[in-house]
Amino acid sequence: MLLGCLLGVAAAAAYSIVDFRLGAVVLAVVPAGLAGFRAMPPWTDVWTNRSKTADIATCLLFAGLLVVLAFLVPLTR
């Protein structure tokens, strides 16, 4: 999950050069996608340190907050 987040941050940084809100939406898609990936049926028992519900809820909450924050911040152009 950490590698996915880091790749999402890099992609969002590239998109934020074009538009701040586009970068924020791309950054929000990453944890939402990771939540979907985490919700899939297990194919291995690698992640056993915390529950799936906690991972999914955290990722979706973070994605929602990013999108809300992106549209609350006024553009300064």
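Structure: above.
Each value, and the rule that gives it
Residues numbered from 1 in each chain as written. Predicted model: local features only at pLDDT ≥ 70, side-chain atom pairs only at ≥ 80, totals over all residues. Heavy atoms only, no water. Helix = DSSP H or I, 4+ residues; strand = E, 2+ residues; numbered from the N terminus. Buried < 20%, exposed > 50% of the residue type's maximum accessible area, 1.4 Å probe, protein only. Contact = heavy atoms within 4.5 Å. Areas by Shrake-Rupley, 256 points an atom, 1.4 Å probe, with all protein chains shown as cover. Expected span 1.5 Å × (residues − 1). Arc of directions from axis to C-beta. Axes fitted to C-alpha atoms, helices over the stretch in contact; angles between N-to-C directions. Parallel < 35°, antiparallel > 145°, perpendicular 65-115°, else oblique. Left-handed = near helix turned anticlockwise from the far one by under 90°. Nonpolar A, V, L, I, M, F, W, Y, C, P; charged D, E, K, R; others polar.

### Quick look at the overall build of the protein
Looking only at helices and strands, the protein features three helices and zero strands. The helix and strand sequence of the protein, counted from the amino end, reads α-α-α. Taken over 77 residues, the protein has a buried fraction of 21%. When contacts within the protein are restricted to residue pairs at least 6 apart in sequence, long-range pairs at least 24 apart make up 59% of them. Accessible surface, the protein as shown: approximately 5500 Å² in total, 76% of it carbon and sulfur.

### Side note on helix α3 (residues 52-72)
Between its first and last C-alpha, α3 extends 30 Å over 21 residues, near the 30 Å set by a 1.5 Å rise per residue. Those residues of α3 lying buried are D55, C59, A63, L66 and A70. When α3 is viewed along its axis, its buried side chains cluster within an angular range of 60° and face the same direction. In α3, those exposed residues whose orientation departs by more than 90 degrees from the buried face are T53, L61, L65, L69 and L72. Residues of α3 that are buried in the fold lie against α2 (20-39).

### Comments concerning the environment of A10
Mapped onto the secondary structure, A10 falls in helix α1 (residues 2-18). Since its relative accessible area comes to 48%, A10 is described here as partly exposed. Separated by 17 residues in sequence, A10 and L27 have C-alpha atoms that sit 8.9 Å apart.

### What about the packing of α2 against α3?
With their axes 8 Å apart at the nearest point, α2 and α3 run at an angle of 170° to one another. Looking at the two axes, α2 sits roughly antiparallel to α3. The handedness of the crossing between α2 and α3 comes out as left-handed. From α2, F20, R21, A24, V25, L27, A28, P31, A32, L34, A35, R38 and A39 reach across to α3, where they touch K52, D55, I56, C59, L60, F62, A63, L66, V67, A70 and F71. The class makeup of the residues in the contact of α2 with α3 is 19 nonpolar, no polar and four charged.

Remember that the coordinates give geometry; whether it matters functionally is a separate question.
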